[in-house]
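# Structure assessment
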Amino acid sequence: MSQLDPTLDPALDLSLEAPRRIRRGFHVPGWLALLLSNTKSRLGLAMVGLVVVVAVIAPWISVADPNGFSLLAARQAPSWNHLFGTTDQGSDIFSQVVIGARRSLLLGFFAAALATSTAAVLGITAALLGGLVDDVVNVLINIFLVIPPIPLLVVMSGYVQDHGMTTMIVVLALVLWAFEARILRAQALSLKSRDFVDAARASGESTARIVFGELVPNMISRIAAAFVLVFYIALLVDAGLEFLGLADVSKTSWGVTLYWAQTNSTVLQGEWWPFFFPGAALAFTVLGLVLLLAGIDEFTNPRLRSEHKPHRSRLRMLFGGRLATREEGVS
Amino acid sequence: MTAAAPLEVQSLTKHFPIGSAVRRAHVHAVDDVTFELRPGTITALVGESGSGKSTVARLLAHLDEPSSGAVLFEGSDVSHVRRRRDVLRYRSQVQIIFQDPFGSLNPVKTVRHHVERPLRIHRVVPSNQVEQRVHELLRTVGLVPPEDVAAKYPHELSGGQRQRVSIARALAVEPKVILADEPISMLDVSIRIGILNLMARLKEEHGIAFLYVTHDLASARYVADDILVMYAGQIVERGPIEDVLSEPLHPYTRLLLDAVPDPATKTDAQEIDLRKGDTSAAVDPSEGCRFRARCPLAIEICSQTTPQLVEARPRHAARCHVTAPAS
């Protein structure tokens, strides 16, 4: 390898065989192999995967109707009959937690998808077109950045009559897109000034192909990180709103269980389980996502790398990490 | 001289605005530049940093639009064409190689992608022959075995190999003109000669007209047939390279030549008559020679009238009141 590129990691050369072997053996897609090669993202992936599996099989493992009403069964501590205990109304908390996982995951996923795609489209468009479009997008970003999100959410959910999931997804995406849009815009700006973009133009590539074929593949890791980040912030904020009673509290979700636990002052009566189990489920999911994010960040930012496994660098490459490396080298 | 020039440049001018809207100034990056590129000829474009030589290459590559002047491709002005079909037709004949081999290839794409895209965009060959043509092109630029190289990512290649990929990409469309923007300046000295020889071979075998942008007179002398010397956006001297370098007319060309260390003389024996440079010579220039502040030969007229390119010797012109006076 040449000494001309000071940012080249000497490990790069040795790195090329490991992921291919994995791929050949089990037909693991490249990005997954990369996520699995990092301890943090592997753990995070396993945790999130567990929650997803539970959410999928929830109707078969929930032993009772999550909103079932039975005074005979009310306020029971965890037991073999009711693993996570019961609420004041006698509903089974285990069923509420596993069914509630569905709403939390769906909401987080779609809010993240909407916020990230908005951020990516607006950020990249602004960076590429520049001029007035860039100014307008920047003003929008700045407006949404200076508005404190939680009060805005409270006000919005107070005014919006319909508290369905779609509304919540849109509301969450609306307050969470701006931060990522700014980051993606900055990255697109730095990428578009690089020679390979001019080279693609000189080859005759259309603008659309330059964006989706040349620029976006270099931004995948940043977009993935944005997605995971918005995912867990959306989970937390949604649970918070539900806890405050600003969502539809007749539905089943972790935040709603917490809301009823708080409304009925269960802790004052010595009942810890209606708080603990949905809270632990939320914390577990968020921790999984945070670990996943930390793993992705490690591929893209070599300064954060905790260990030096050779195949890590392959990972950085597929995730556009080479760019991050070069930029780090300058600063 | 030989065949008709595929690419002709007439009074090409590019001004870049600088400063704020209140104190707006213009850099005359390229000012009234006229030359032509002939098939099977390498024309060197030399000058110091900021002289506008890379801007010329970018203008010719249709990456920037000139402020005025014309780029004539086979007789028709292409500098302002916008229609995608026309732009594509131009790009299929005129290609550019960039200076930075580390920046000009997309880090997440394989070598195959880089060479294959132009083939597909311009439908150079039917799509079932693309793979085969990619291998041929890689072989042409000396990247063997092509099957292995095609699957590699840019970071797996050395700087020289990457530059060869850039050349293969430029060659893919079978262009008549290749603009090489300092193709060797970022390479190890030991591999520069390989790239220069490759350019010379492509010139001979394919009759390609090269514009070789460089600041390195030695490599220009090695590979080029003609030379254009730029200073502050203007061509100050042009002619066959041997004539220009052996008997330079313009004091700036002399200065460039003096700046090349000569191993035959002792270092302290070499004295370069150099006055303080003024790099802002291209910012809103006033009438007069732009080199006058640094020129050892400057006389009164130099600050009053802008000199014109005058053919003082056959095919050898300079822009200087003293050495090439307008008769």
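Refer to the structure above for everything that follows.
The rules we used
Residues numbered from 1 in each chain as written. Chains lettered and ligands numbered in written order. Predicted model: local features only at pLDDT ≥ 70, side-chain atom pairs only at ≥ 80, totals over all residues. Heavy atoms only, no water. Patch = residues over 30% accessible without salt bridge, like charges linked within 9 Å, V, L, I, M, F, W, Y side chains within 5 Å. Areas by Shrake-Rupley, 256 points an atom, 1.4 Å probe, with all protein chains shown as cover. Salt bridge = Lys/Arg side-chain N within 4 Å of Asp/Glu carboxyl O. Helix = DSSP H or I, 4+ residues; strand = E, 2+ residues; numbered from the N terminus. Buried < 20%, exposed > 50% of the residue type's maximum accessible area, 1.4 Å probe, protein only. Contact = heavy atoms within 4.5 Å. Polar contact = N/O pair within 3.5 Å; in protein donor to acceptor, adjacent residues only side chain to side chain. Pairing = 2+ DSSP bridges. Phe/Tyr/Trp six-rings, centres within 6.5 Å; stacked < 30°, edge-to-face > 60°. Axes fitted to C-alpha atoms, helices over the stretch in contact; angles between N-to-C directions. Expected span 1.5 Å × (residues − 1). Arc of directions from axis to C-beta.

Another aspect to go through is a nonpolar patch on the surface. All names here are of chain A. On the surface, a cluster of nonpolar side chains totalling about 490 Å² of accessible area is made up of V52, V53, V56, I57 and W60. With respect to the helices and strands, the residue V52 is situated in helix α4 (residues 39-61). With relative accessibility at 37%, the residue V52 sits in the partly exposed group.

Okay, the environment of A:K192 next. Residues and elements named next belong to chain A. Of note, K192 is situated in helix α8 (residues 165-192). Residues K192 and V211, spaced 19 residues apart in sequence, show a C-alpha to C-alpha distance of 9.1 Å. Dropping the residues within four chain positions of it, K192 is found in contact with A127, L128, V197 and L215. There is a polar contact of 3.0 Å between the side chain of K192 and the backbone oxygen of A127.

Moving on to the side chain of B:H250. All names here are of chain B. Within the fold, H250 resides in the loop between α9 (241-246) and α10 (251-259). One polar contact links the side chain of H250 to the main-chain amide nitrogen of Y252, over a distance of 2.9 Å. For H250, the contacting residues outside a window of four places in its chain are V236, E237, F291, A318, R319, C320 and T323.

This part covers the pairing of strand β9 (residues 226-231) of chain B. Residues and elements named next belong to chain B. Burial within β9 is extensive, with six of its six residues counted as buried. Alternating positions in β9 separate into two faces, D226, L228 and M230 on one and I227, V229 and Y231 on the other, with burial throughout. Examined bridge by bridge, strand β3 (residues 42-46) and β9 share four bridges and lie parallel to one another. Within β9, the position partnered with A44 by the bridge is I227. One ladder, built from six bridges, connects β9 with strand β10 (residues 234-240); its direction is antiparallel. Along β10, the bridge assignment pairs L228 with R238. Connecting β9 to the next strand, β10, in antiparallel fashion are two residues, including A232 with a positive phi near 50°.

All names here are of chain A. Under the definition given, this model contains 13 aromatic pairs over all chains. Aromatic side chains Y259 and W260 sit 5.0 Å apart centroid to centroid with 65° between the ring planes, which places their arrangement in the edge-to-face category. On the basis of relative accessibility, which here comes to 38%, the residue W260 falls in the partly exposed class. Between W272 and F276, the ring centres sit 5.9 Å apart and the planes meet at 70°, which makes this aromatic pair edge-to-face.

Another aspect to go through is the sheet that holds strand β1 (residues 7-18) of chain B. Residue and element names in this part refer to chain B. The strand order across the open sheet formed by four strands is β2-β1-β4-β5, and the pairing between neighbours is antiparallel. A single partner strand is all that each edge strand has here, and the edge strands are β2 (25-37) and β5 (76-77). Pairing between β1 and β2: nine bridges, direction antiparallel. In the strand pairing of β2, P17 is matched with H26. With respect to the sheet, helix α1 (residues 53-60) is in contact with β1, β2 and β4 (68-73), its orientation differing from that of β1 by roughly 115°.

Moving on: the environment of B:L171. Residues and elements named next belong to chain B. Counting through the fold element by element, L171 comes out in helix α6 (residues 159-171). We classify L171 as buried; its relative accessible area is 7%. The sequence separation of L171 and I208 amounts to 37 residues, and the corresponding C-alpha distance is 9.6 Å. Excluding residues within four positions of it along the chain, L171 makes contact with L137, T140, V141, I178, L202 and I208.

What follows deals with the pattern of salt bridges. On inspection of all chains with the given rule, the structure shows 25 salt bridges over all chains. With its nearest N and O atoms 2.7 Å apart, the salt bridge here joins A:E242 to A:R103. Pair noted here: A:E242 is in helix α10 (residues 207-243) and A:R103 is in helix α5 (residues 93-129), with a separation of 139 residues, a long-range link. One salt-bridge network, held together by shared partners, links A:D198, A:R201, B:R58 and B:D64.

Attention shifts here to helix α6 (residues 131-146) of chain A. Each α-helix turn comprises 3.6 residues. Residues three or four places apart therefore point the same way. Residues and elements named next belong to chain A. Counted at 1.5 Å a residue, the expected span for α6 with its 16 residues is 22 Å, and the 23 Å between its end C-alpha atoms agrees. When we look at burial in α6, the residues that qualify are D134, V137, N138, I141 and F144. The arc that holds the buried residues of α6, viewed along the axis, is 130°, so those residues lie on one side. Exposed residues pointing more than 90 degrees away from the buried face of α6 are listed as L132 and V146. On the buried face of α6, the contacting elements are α5 and α8.

Geometric values such as these leave the question of function open.
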